[in-house]
Amino acid sequence: MFGYVIINKPEMKFKEFDLYQSYYCGLCRTLKDAYGRLGQMTLSYDMTFVILLLTSLYEPETAVDFQRCLAHPLEKHLARVNQFSQYGADMNLLLSYYKCLDDWQDERKVSKKAMAATLRGKFQKVALAYPEKDSLIRQKMEQIHRCERESCMNLDEVSGYFGEIMAEILVYCQDEWEAELRRIGFFLGKFIYLMDAFEDVEKDAKTGNYNVFVQEYRKEDFARRTEQILSMMMAECSRAFERLPIVENVEILRNILYSGVWCRYELVKRKREGKQHV
């Protein structure tokens, strides 16, 4: 359930892309500094969105630095780091740990079990720092697993559990913006869960793994109906976003919410349609 909250690069100005990338690089550096190379391997664009959103809303002091790294060894590049970079790194590690456990339980991926075991010490450190968030994420992941065991086909129920996870992650503190941030996170989380199911449904149908769409995907109007559901999720998410008093980085955030999140959907849809015409 990673890799859906991304930018649509062709629709973005060069300076906006460079700015966005500097926050991504800042998260990468923070993960390495806090959790080493293994933590750095959990890097995701999804959490870059969280950092950028919170930064744009609260406008903290942000350090700007030039650095080299393994991905950019020949030239220095900008990295922006602030208090939300560490928060994003912590939440990224929490989610990555639970995602590894989820992959092990669902598909018996030994590599994911091994990675979860390696991350456990770092995970426990984060869980102690954010006990309420860890408790909620664990509870909601357990509820998702219950749905999987019971072969629950209720889209709202199962996607809602991941929505509650993302809602909790987007709330950095309890203030006047909490309700809107929760709403953004809730509907974005539902979108992520359903988009992940949409992408994996053919594979899951063949392997027998749980997928909330497994009974629907062979129907002629499956793609259209799924697109309508996903559109409703992002419409609610975007409405809540527009109610926040964000000026800084607003065009980058709109690029992600209105366009970027659909990039994988369009890719999967075209690939699926291509198979049908072969």
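Above this note sits the structure.
The structure presented is a predicted model; accordingly, all values stated were derived computationally and were not measured.

Okay, the packing of aromatic side chains next. Counted according to the given criterion, the structure contains 16 aromatic pairs. With centroids separated by 5.6 Å and ring planes inclined at 75°, the aromatic side chains of Tyr97 and Tyr98 adopt a geometry described as edge-to-face. Between Phe213 and Phe222, the aromatic rings sit 5.4 Å apart at their centres with planes inclined by 75°, giving edge-to-face as the arrangement. An aromatic cluster of three or more residues is present, and its members are Phe191, Phe198, Phe213, Tyr217, Phe222, Trp262 and Tyr265. One Lys or Arg, Lys9, reaches over the ring of Phe17 and ends 4.3 Å from the middle of that ring.

It is at 9 Å that the axes of helix 5 (residues 131-149) and helix 6 (residues 155-170) come closest, and there the two elements cross at 170°. Classified by the angle between their axes, helix 5 and helix 6 sit roughly antiparallel to one another. In the crossing of helix 5 with helix 6, the sense of the turn from one axis to the other is left-handed. Where helix 5 approaches helix 6, its residues Lys133, Leu136, Ile137, Lys140, Met141, Gln143, Ile144, Arg146 and Cys147 are matched on the opposing element by Glu157, Val158, Tyr161, Phe162, Glu164, Ile165, Glu168 and Ile169. Taken together, the residues of the contact of helix 5 with helix 6 sort by class into 10 nonpolar, one polar and six charged.

In this section: unusual backbone geometry. Unlike most non-glycine residues, Glu59 shows phi in positive territory, near 50°. By secondary structure assignment, the location of Glu59 is in the loop between helix 2 (45-58) and strand 1 (63-67). Unusually for a residue other than glycine, Asn249 sits at a positive phi of about 65°. Relative to the elements of secondary structure, Asn249 occurs in the loop between helix 8 (222-242) and helix 9 (250-258).

Definitions and limits used
- Numbering of residues starts from 1 in each chain and follows the order in which that chain's sequence is written.
- A pLDDT threshold of at least 70 governs which residues receive local features in this predicted model, and a stricter bar of 80 or more applies before side-chain atom pairs are shown or counted, although totals over entire chains, interfaces and linings include all residues.
- Hydrogens are left out, water is left out, and the side-chain values use all remaining heavy atoms of the structure.
- Centres within 6.5 Å make a pair out of two Phe, Tyr or Trp rings, where for Trp the six-membered ring is used; the pair is then stacked when the planes are under 30 degrees apart, edge-to-face when over 60, and tilted otherwise.
- By the criterion adopted, a ring carries a charge over it if an Arg CZ or a Lys NZ lies within 6 Å of its centre and within 35 degrees of its normal.
- Note on geometry: axes are lines fitted to C-alpha atoms, helical ones only across the stretch in contact, with angles between N-to-C directions running from 0 to 180 degrees.
- Going along the chain from the N terminus, every DSSP run of H or I of four or more residues is numbered as a helix, and every run of E of two or more is numbered as a strand.
- In these notes the angle categories are as follows: under 35 degrees is roughly parallel, over 145 is roughly antiparallel, 65 to 115 is roughly perpendicular, and the rest is oblique.
- Note on convention: near helix rotated counterclockwise from far helix by under a right angle means a left-handed crossing. Clockwise means right-handed.
- Contact criterion: two residues are considered in contact whenever any of their non-hydrogen atoms come within 4.5 Å of each other.
- Residue classes follow a fixed rule: Ala, Val, Leu, Ile, Met, Phe, Trp, Tyr, Cys and Pro count as nonpolar, while Asp, Glu, Lys and Arg count as charged, and any other residue, Gly among them, counts as polar.

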